[in-house]
Amino acid sequence: MYYAENLRVIVHGAVCVNSGAFHVSGQEEVVVRLDVTESAPKKRCLVKEATPGVQAMAQRNKKYDRQLRIWGEQGQSALEKANICVLNAGPTGSETLKNLVLGGIGSFTVVDGSDIQASDLGNNFLIEWSSLGKRRASAVCSLLHEMNESVMPKFVDESPESIIESNPAFFRQFSLVIATQLSEFALAKLDLICRQYNAILLVARSYGFIGHVSISVEEHDVIEAKPDNRVEDLRFHKPWPELRRLVQEFDIDTKDPIVHKHIPFGILLIKILEDWKADHGGQMPSSLRELKAAITSRKRELDEDNYNEALKAAYLVTSPPSLKPEFLAVLKDRNVEIDAGSSDFWIMVAALKHFMENEGEGEPPLDGSVPDMHSFTDYYIRLQQVYQAKAEADAAAVEERVRNLLKQIGRDPDGISRTSIKHFCKNARNLRVYRYPSIADKYSSQVRTEFQKLLAAADNSNAAFYVLLLAVDRLAGTNKRYPGTVDAEFEEDLALLKAAAADVLSEIGCHGASIPEDLVGEMCRFGAAELHCVAAVVGGIAAQEAIKLLTGQFMPLSGPLIYNAITATATVLDV
Amino acid sequence: MMKRKGEDEPWALEPEAMAETVDLEGRWRDLDRLLLRPGYIVGPGFEPGIELRDMIKDDCRVLVIGAGGLGCELLKDLALTGFGNIEVIDMDTIDVSNLNRQFLFRMRDVGQPKAKIAAERVMERVKGVNVVPHYCRIEDKDPFFFRGFQIIVLGLDSLEARSYINAVVCGFLEYESDGSPDLTTIKPMVDGGTEGFKGHARVIIPGLTPCFQCSMWLFPPQVTFPLCTLAETPRSPAHCIEYVHLIQWGQDRPGETFDADNTEHMKWIFEQAARRAEQYNINGVTYILTQGVVKNIIPAIASTNAIVAATCALETLKIATMCSKGMDVFMQYTGTDGVYMRTFQNEKDPNCVVCSPGVPVEVEPDITLKQFIDTILKDSRFENKISMPSVSLQGENLYMQAPPVLEEETRPNLEKALRTLMNGEGGILNINDRKLKGTLRVQVIFKDVDMDAGGCG
Ligand SMILES: [Zn+2]
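Residues numbered from 1 in each chain as written. Chains lettered and ligands numbered in written order. Predicted model: local features only at pLDDT ≥ 70, side-chain atom pairs only at ≥ 80, totals over all residues. Heavy atoms only, no water.

To keep things clear, this is the line we draw: UniProt positions are given in the numbering used here, feature names are shortened, and annotations may be inferred rather than shown by experiment.
Under an unreviewed UniProt entry, the name given to chain B is NEDD8-activating enzyme E1 catalytic subunit, and the source organism is Riccia fluitans. Reading the Catalytic activity (unreviewed entry) entry of the UniProt record for chain B gives the comment "ATP + [NEDD8 protein] + [E1 NEDD8-activating enzyme]-L-cysteine = AMP + diphosphate + [E1 NEDD8-activating enzyme]-S-[NEDD8 protein]-yl-L-cysteine." Annotation of chain B in UniProt includes, under Function (unreviewed entry), the sentence "Catalytic subunit of the dimeric E1 enzyme, which activates NEDD8."

In the annotation of an unreviewed UniProt entry, chain A is listed under the name NEDD8-activating enzyme E1 regulatory subunit and assigned to Riccia fluitans. The UniProt entry for chain A carries this comment under Sequence similarities (unreviewed entry): "Belongs to the ubiquitin-activating E1 family. ULA1 subfamily." Check the Function (unreviewed entry) section of the UniProt entry for chain A; it says "Regulatory subunit of the dimeric E1 enzyme. E1 activates RUB1/NEDD8 by first adenylating its C-terminal glycine residue with ATP, thereafter linking this residue to the side chain of the catalytic cysteine, yielding a RUB1-ECR1 thioester and free AMP. E1 finally transfers RUB1 to the catalytic cysteine of RCE1."

## What about the overall build of chain B?
The criterion, for reference: Secondary structure elements are taken from DSSP: a helix is a run of H or I of four residues or more, a strand is a run of E of two residues or more, and numbering for both begins at the N terminus. Residue exposure (1.4 Å probe, protein chains only): buried if accessible area is under 20% of the type maximum, exposed if over 50%, otherwise partly exposed. By the convention used here, residues are in contact when the closest approach between their heavy atoms is within 4.5 Å.
In terms of regular secondary structure, chain B is built from 16 helices and 13 strands. Projected onto its principal axes, the C-alpha coordinates of chain B cover approximately 80 × 70 × 45 Å. Taken across its 457 residues, chain B has 57% of its residues classed as buried. Expressed as a percentage of contacts within chain B between residues at least 6 apart in sequence, the contacts between residues at least 24 apart total 62%.

## A few points about the overall build of chain A
We apply this condition: Surface accessibility in these figures is a Shrake-Rupley result with a 1.4 Å probe; residues are shielded only by whichever protein chains are displayed.
Secondary structure assignment for chain A yields 23 helices and 14 strands. For chain A, long-range pairs separated by at least 24 residues make up 70% of all intrachain contacts whose partners lie at least 6 apart in sequence. Only carbon and sulfur atoms are counted for the fraction: they give 51% of the accessible area of chain A, which is about 23400 Å².

## Here we look at the pattern of salt bridges
Test applied: By convention in these notes, a salt bridge is any Lys or Arg side-chain nitrogen within 4 Å of a carboxyl oxygen on Asp or Glu.
Under the criterion given, the structure shown has 67 salt bridges over all chains. Among the salt bridges present, the one from Lys189 of chain A reaches Glu165 of chain A, with a minimum N-O distance of 2.5 Å. Of this pair, Lys189 of chain A sits in helix α8 (residues 184–196) while Glu165 of chain A is found in helix α7 (residues 160–166), placing the two residues 24 residues apart along the sequence. Overall, Glu165 of chain A belongs to the exposed group, its relative accessible area being 51%. A salt bridge links Lys370 of chain B to Asp374 of chain B; its shortest N-O distance comes to 3.5 Å. Residue Lys370 of chain B and its partner Asp374 of chain B are located together in helix α13 (residues 369–378), separated by four residues, close to a single helical turn. The class for Lys370 of chain B is partly exposed, based on a relative accessible area of 37%. Sharing partners across several salt bridges, the network here consists of Glu95 and Lys98 of chain A together with Glu73, Lys76 and Asp77 of chain B.

## Quick word on the UniProt feature "domain: E2 binding" (unreviewed entry) in chain B
Under the feature "domain: E2 binding" (unreviewed entry), the UniProt entry names residues 361–447 of chain B. Counted over residues 361–447 of chain B, helix gives 24% and strand 28%. Its end C-alpha atoms are 10 Å apart.

## Regarding the coordination of the zinc ion
All names here are of chain B. For clarity, the cut-off: Donor atoms are limited to N, O and S found within 2.8 Å of the metal ion, a distance that becomes 3.2 Å for Na, K and Ca. With water left out, some sites might look partial. Site shape is set this way: if four donors have all angles between 85 and 135 degrees, tetrahedral; if opposite donors are over 155 degrees apart and all others between 65 and 115, square planar for four donors and octahedral for six; otherwise irregular.
Distances from the zinc ion to its protein donors, namely Cys211 (SG), Cys214 (SG), Cys352 (SG) and Cys355 (SG), fall within the range 2.2 to 2.3 Å. Considering all four donor atoms around the zinc ion, the spread of angles at the metal, 96 to 119°, places the coordination shape in the tetrahedral class. Donor residues for the zinc ion sit on one chain with the sequence pattern C-x2-C-x137-C-x2-C. For Cys214, a relative accessible area of 7% gives the class buried.

## Examining the environment of Leu268 of chain A
All names here are of chain A. On the secondary structure map, Leu268 appears in helix α11 (residues 265–279). Taking the C-alpha atoms as reference, Leu268 lies 7.8 Å from Tyr307; in sequence the two are 39 residues apart. Once residues within four sequence positions are removed from consideration, Leu268 is found in contact with Ile252, Ile263, Asn306, Tyr307 and Ala310.

## A word on the interface of chain A and chain B
In plain terms, the rule: The term buried area denotes the loss of accessible surface (1.4 Å probe radius) that occurs when two parts are joined, taken as the sum for both partners. We call Asp, Glu, Lys and Arg charged. Ala, Val, Leu, Ile, Met, Phe, Trp, Tyr, Cys and Pro are nonpolar, and the rest, Gly among them, are polar.
Tallying the contact residues gives 89 residues for chain A and 88 residues for chain B. Across the chain A to chain B interface the summed buried area is about 7400 Å²; carbon plus sulfur atoms make up 61%. Three residues stand out in chain A for area buried against chain B, namely Arg66, Phe125 and Arg525 of chain A, and they jointly supply 12% of the buried area on that side. At the junction of chain A with chain B, the criterion picks out six salt bridges. Note that Asp228 of chain A is salt-bridged to Lys198 of chain B, the shortest N-O span being 3.3 Å. If you tally residues by element for the side of chain A that touches chain B, the top one is helix α23 (residues 532–551) of chain A, at 12 residues. Split into classes, the residues belonging to the side of chain A that touches chain B amount to 46 nonpolar, 25 polar and 18 charged.

## Observations regarding the pairing of strand β7 (residues 330–334) of chain B
Within a regular strand, the side chains alternate between the two sheet faces. All names here are of chain B. Quick note on the threshold: Between any two strands, pairing holds if DSSP finds at least two bridges.
By the criterion of burial, β7 is predominantly enclosed, with four of the five residues buried. Of the pairings in the sheet, the one linking strand β6 (residues 198–204) to β7 comprises five bridges and is antiparallel in character. When the sheet's bridge partners are listed, Lys198 is paired in β7 with Thr334. Relative to strand β8 (residues 340–344), β7 is paired through five bridges, and the arrangement is antiparallel. When the sheet's bridge partners are listed, Phe330 is paired in β8 with Phe344.

## Overview of the packing of helix α4 (residues 91–103) of chain A against α23 of chain A
All names here are of chain A. Defined as follows: For helices, the axis comes from a line fit to the C-alpha atoms of the stretch in contact; other axes are also lines fit to C-alpha atoms, and the angle between any two N-to-C directions lies between 0 and 180 degrees. Roughly parallel covers angles under 35 degrees, roughly antiparallel covers those over 145, roughly perpendicular covers 65 to 115, and oblique covers all other angles. Each crossing gets its hand from how the near helix is turned against the far one by less than a right angle, where anticlockwise is left-handed and clockwise is right-handed.
Between α4 and α23, the shortest axis-to-axis distance is 7 Å and the interhelical angle comes to 45°. The orientation of α4 with respect to α23, classified from their angle, is oblique. Taken as a pair, α4 and α23 cross one another with a handedness that is right-handed. Facing α4, whose interface residues are Pro91, Thr92, Glu95, Thr96, Asn99 and Leu100, α23 presents His532, Ala535, Ala536, Val538, Gly539, Gly540, Ala542, Ala543, Ala546 and Ile547. The class makeup of the residues in the contact of α4 with α23 is nine nonpolar, six polar and one charged.

Structural data, given as structure tokens:
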């Protein structure tokens, strides 16, 4: 085995590079990995001084700038801590790893037991012409290392199937295992091993024009879901006392026309709603139109941007954003009943639930952000401060509950940092918990019903290809080769595949369903080909999922994904 | 379907001698399953066989525009899909911030031309492929250059560059007299784009599917702040940064041109913006944000580029070989909430100024050619597109602005009735103008032709 030497420099305290290019908060520990190669022996001595660490950090921040803008320092350091295992170094495994190595994961181990053949030179960019006949694991590993030397590379020259059989404890060291081009049988075994060692299993497969990506793990919690359409939690419909007090300070009917058009729309909406209720015995407007009419009646000029913004945002008063079903499910989860063994996440969820049932009055903590509003600067800043103060107060209330809960279950009351709790509160509205059935019992009755529906749909080709993927593995199990790999036996294979697909259908309870002939034909035509471009798409999707799982940001796949390169579409089978 | 290299194409390169010898038996085993055998879901005219594989290796010339995040992936994908003759054009040099995704480049390459390094690296790794780099702007190339490729693949990050190349390529398109596109003049384009976890890929077959101009609405307008907000009522860190960038720089450092790649300039903007933010009680101006706002930085990651580029390369393979059905023309990808990957079949704009058979222009029946030219110059649809138009009818010059000899020769036509010049009936006129990137086709419709005919008869 070949290990790259790896050095760690711990930089304590606030790091300020390039006049504040990157602020690292005082408590955080920053791990900088320096690459140490034969050609750069000097670096080793320099590490003892402070400046090269700072310089290396600046270089790292420049290199990763375009992704730091997506997942931030927290996300990046999560990637840098990750130790990933990739099974099989064909194009699917190589492309997945390529994307992760470029992004700067901590370390990886490639497991592959094959010799490099001519076909590897036709579909894998991470193999050099001169490597023909050599071992695939070491060849791919060294080219990956050359691509980003701050990543620690390892390889194991053994077939994944044999490690799964003979050395399950090998998987203990990894946070994520990415299994590529493995058949269903090997996967089911691997899944049990990963669950035992608490490693996430990510499955990726390319087969002709078809791809498959899926996740298997007991539970994955997401705090920073970062939804595209963030719900603006502004509480115009039920302002808290401080916000009401601020609104009272404004005379929205001021004679000064300049002031009139520079009062932020938030203030306008709350005030106009208040006046409406005073005139209508405390009732809310019965429709959006009524409220809009009330706004328009206070507007003086056509070009008053603040009023135009108020009209656009009026719906936030009449139909304030509701809590999403996924969020409500988290509150009802069995893990909310915490004990000494509960994770920090569930302790915070329990505190959140108590907060909402008491001082939160049914709402999660305010996140404190306010959209831009046409306004004088100081009006806007004052409004922003009231929102931020409320968010602080809410987070402090949750924090107190967290401390009490920790005490109750016999843990150190300061065991969860204030920064973590604040971060949790800021994102509370979008909490998500994902659970995935184990590969062995993937065909629970619930899955079957969903799947039957999908198969029956007019455009069912992606669901049908899922069945066909299972069918080719069955055939390969009995025939010792995939259908369509020998030209002379194509017709025979076609018939066998059709029968195997029918078997799979009845096994998963989809009697009566059938797979269109042309799809069976295509699947046989593919002959287990691993096309570079299909592998690149599958490897791209798998790398995105890996990043989401490792950083705990964004929302991962909720079920198995089938990618179809014929139509350039993907379908996530709903679980 | 593909045109063979010929004598009339001086830019065609001799294939490298080694290309003939390097193919190992079984190297393209996986691709051969699809290219050498019949299929069940294939495009029209798919003819599997060795000739098809040789065609993409030897005869099909593909141009990749952009050697950045998408470009690097595209070159790798096309080379490993069997395309043997690829050219790449890019005006940029390599920057440190490219290295998280532009996998053909290393730290030691910083400052080198992207096109050159990318071409070298792909040829080093994938034996037998010939990649010709062009280190220049797309505008520097004669439109004739683009004609030399069978398929053009775009890995660009700006709307302007896409619009430009779209106009050039749609400019090659000619229509038959019945309004159907002349199939021999169609040059397919495949376009990709990414931002963070999201991306798109699309296929543009000019004359048959919507061109870039037809579906301009798919791209959201850029966010700009009103100047009065920046100057008088800033409320966000971005307002403070843009004020210093757009207004204060010119006041405090008159005569100096701001350069976003100059660290001293960028630091000055950051410091001034931070000062302004402090005055107004605004939090959150950082150096990173300053760079992001001033340079309009689009976040980018390797995986999304891989997905979008490979989708483009697969569609390129389908166009070239018909080995599978082409996708519906527009693919959208979002990876932030699970995975969303769908395609759409959007509509062509029948009056598109770039790709339609002709933009309808209604004119008086007795109009002269000069009056017609004045009419189109005043037409808001052609605003900023034409300034000194030359007019031709099916290859015949009606009026040419240049060269002087031709101008003099065609000048007498200006005072003639347009209808006479067009042989008594409406139809398509081709307008060329220095400002246009391709040909503008105008469909002339004479008002009240029947009444007019009766009145004069
Ligand atoms: Zn168009």
